[in-house]
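# Residue-level structural notes
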Amino acid sequence: MKTRITELFGIEHPIIQGGMHHVGYAEMAAAVSNAGGLGIITGLTQPTPADLANEIARCHEMTDKPFGVNLTFLPGFANPPYPEYIEAIINGGVKIVETAGRSPEQYMDLMKQAGIKVIHKCTSVRHALKAERIGCDAISVDGFECGGHPGEDDIPNMILLPRAAEELTVPFVASGGIGNGKQLVAALALGADGVNMGTRFIATKEAPVHQNVKDALVAASELDTTLIMRPLRNTERVLKNAAVERIIEKEKELGDKIQINDIMGEVAGVYPKIMSEGTMDAGAWSCGMVAGLIHDVPSCQELVDSMMKEANDIINARLKAFAS
Ligand SMILES: Cc1cc2nc3c(=O)[nH]c(=O)nc-3n(C[C@H](O)[C@H](O)[C@H](O)COP(=O)(O)O)c2cc1C
């Protein structure tokens, strides 16, 4: 399938794997890229820029297809050495960067001079327009359904995507809630040029996470995620578990007075315990409503192939039959 996104990134299928903390290692990115999508290494999961350089080198050994690196610009207190991470990306010959969080504006010149294509993840049309204005090549439009940080506007993709289509000139992908070929076709119909998936790619054979995480996704329904950290204006969609219950209790108890320190034990440094050790109640971890559509753990190739087959079948049969 050819779209503006496949053309922009030089990939076979319009399917991107979004950056995911402690999931987006070289094995994940290479598996998605080898399947014809765009795999993305999560930059800040690597403790230092030198570690990111190694991870990029490992990924080059596993695939000769294009892959990208996610750079998440964190809110406030944390301040990783972004210029050095970008240097590792440039020196590693990576030509695609997925940015997220705060605006990538101050690093755009650096990335553009190196010939890097930038896709910025946004949860609102106004942020997407700003990203377009500062020179981003594409946008990942992240709806309310998404795993991770859906922002504070709570607009689901059924509205957000056609709104983005009304306003944007650069290509965009639908992100949040996507897991099958029906949804890929729907995203294309709503004006997107492809999809970005997080949660769905965790339940794949190659995802370098503990089997407990994959089992939890297969077991979960669309009712099993919830939002935390809204009072901190850092809303995150996570899978419900004991740690999340404790966070919600504290949010009820402390109301607007809650500080990040009040929930540090449940949110800081918990990803390795969950993703590598499989201790599922160790803390809050991002998970999208699409968990309700995840019923198996295929390889990335099987997942991408089945999505593309389903999408093509729908376009060629079901939709064609409706055309008058
Ligand atoms: C476990 C997990 C970790 C994530 N970590 C990051 C991250 O570090 N940076 C980022 O930009 N997005 C992160 N995301 C968001 C994904 O890149 C993607 O935008 C999102 O998962 C899309 O929604 P979906 O899960 O419904 O497919 C994460 C998502 C999940 C599920």
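Parameters and conventions
Residues numbered from 1 in each chain as written. Predicted model: local features only at pLDDT ≥ 70, side-chain atom pairs only at ≥ 80, totals over all residues. Core = buried A, V, L, I, M, F, W, Y, C linked by C-beta atoms within 7 Å. Buried ≥ 20, exposed ≤ 12 C-beta atoms within 10 Å, placed from the backbone. Domains from an automatic or database assignment. Contact = placed C-beta atoms within 7 Å. Pairing = 2+ DSSP bridges. Helix = DSSP H or I, 4+ residues; strand = E, 2+ residues; numbered from the N terminus. Axes fitted to C-alpha atoms, helices over the stretch in contact; angles between N-to-C directions. Nonpolar A, V, L, I, M, F, W, Y, C, P; charged D, E, K, R; others polar. Right-handed = clockwise from strand over helix to strand, strands pointing away. Expected span 1.5 Å × (residues − 1). Arc of directions from axis to C-beta. Near = placed C-beta within 6 Å.

### Here we look at the nonpolar core
Membership of the largest hydrophobic core comes to 89 residues, with the highest contact counts inside it found for A29, I41, I139, V141, V195 and I202. Residues from two domains meet in this core; each of domain 1 (4-209 + 297-322) and domain 2 (212-289) gives at least three. The contact partners of I202, leaving out residues within four places of it in the chain, are M20, V23, A207, V209, V213, K214 and L217.

### Some points on the sheet that holds strand β3 (residues 67-73)
Pairing is parallel in the open sheet, where 8 strands are placed in the order β1-β8-β7-β6-β5-β4-β3-β2. With partners counted over all chains shown, the strands left at the sheet margins are β1 (15-17) and β2 (39-42), one partner each. The mean inter-strand angle of the sheet, taken between neighbouring strand axes irrespective of direction, is 30°. Examined bridge by bridge, β2 and β3 share 4 bridges and lie parallel to one another.

### Topic: the domain arrangement of the protein
Looking at the protein, the domain boundaries give domain 1 (4-209 + 297-322) and domain 2 (212-289). At the junction of the two partners, domain 1 supplies 21 residues and domain 2 supplies 16 residues. In terms of residue class, the side of domain 1 that touches domain 2 is built from 9 nonpolar, 10 polar and 2 charged.

### A word on the pairing of strand β4 (residues 96-101)
Among the 6 residues that make up β4, 5 are buried, leaving the element largely enclosed by the rest of the structure. One ladder, built from 5 bridges, connects β3 with β4; its direction is parallel. Paired with N70 across the two strands is E98, which belongs to β4. Pairing of β4 with strand β5 (residues 117-122) involves 4 bridges; the strand directions are parallel. In the sheet register, E98 faces β5, and the bridge partner there is I119. Handedness of the crossover joining β4 and β5 through helix α5 (residues 108-113): right-handed.

### Observations regarding helix α2 (residues 26-34)
In terms of burial, α2 is a largely internal element, 7 of the 9 residues being buried. Among the residues of α2, those classed as buried are A26, M28, A29, A30, A31, V32 and S33. Buried residues along α2 sit in contact with β1, β2, α3 (49-62), β3, α9 (199-202) and α14 (300-322). Just downstream of α2, G36 is the residue with a positive phi angle, here 100°.

### So, α3
Residues three or four positions apart in an α-helix share a direction because the helix packs 3.6 residues into each turn. Helix length check: α3 (14 residues) gives 20 Å between terminal C-alpha atoms against 20 Å at 1.5 Å per residue, within 8%. Of the positions making up α3, those classed as buried are P49, L52, E55, I56 and C59. Angular distribution of buried residues about the axis of α3 spans 110°; they occupy a single face of the element. More than 90 degrees from the buried face of α3, the exposed residues found are A50 and E61. Of the surrounding elements, those touching the buried residues of α3 are α2, β2, β3 and α4 (82-91).

### Here we look at the site of the ligand
Inspection of the region around the ligand gives 29 residues, with G18, A100, G147, G198 and G288 positioned closest. Among the elements of the structure, β3, β8 (195-197) and α9 are those that each provide at least two residues to the shell around the ligand. Here the shell around the ligand is built from residues that sort into 9 nonpolar, 16 polar and 4 charged. Taken together, domain 1 (4-209 + 297-322) and domain 2 (212-289) each give at least three residues to the shell around the ligand, which thus spans both.

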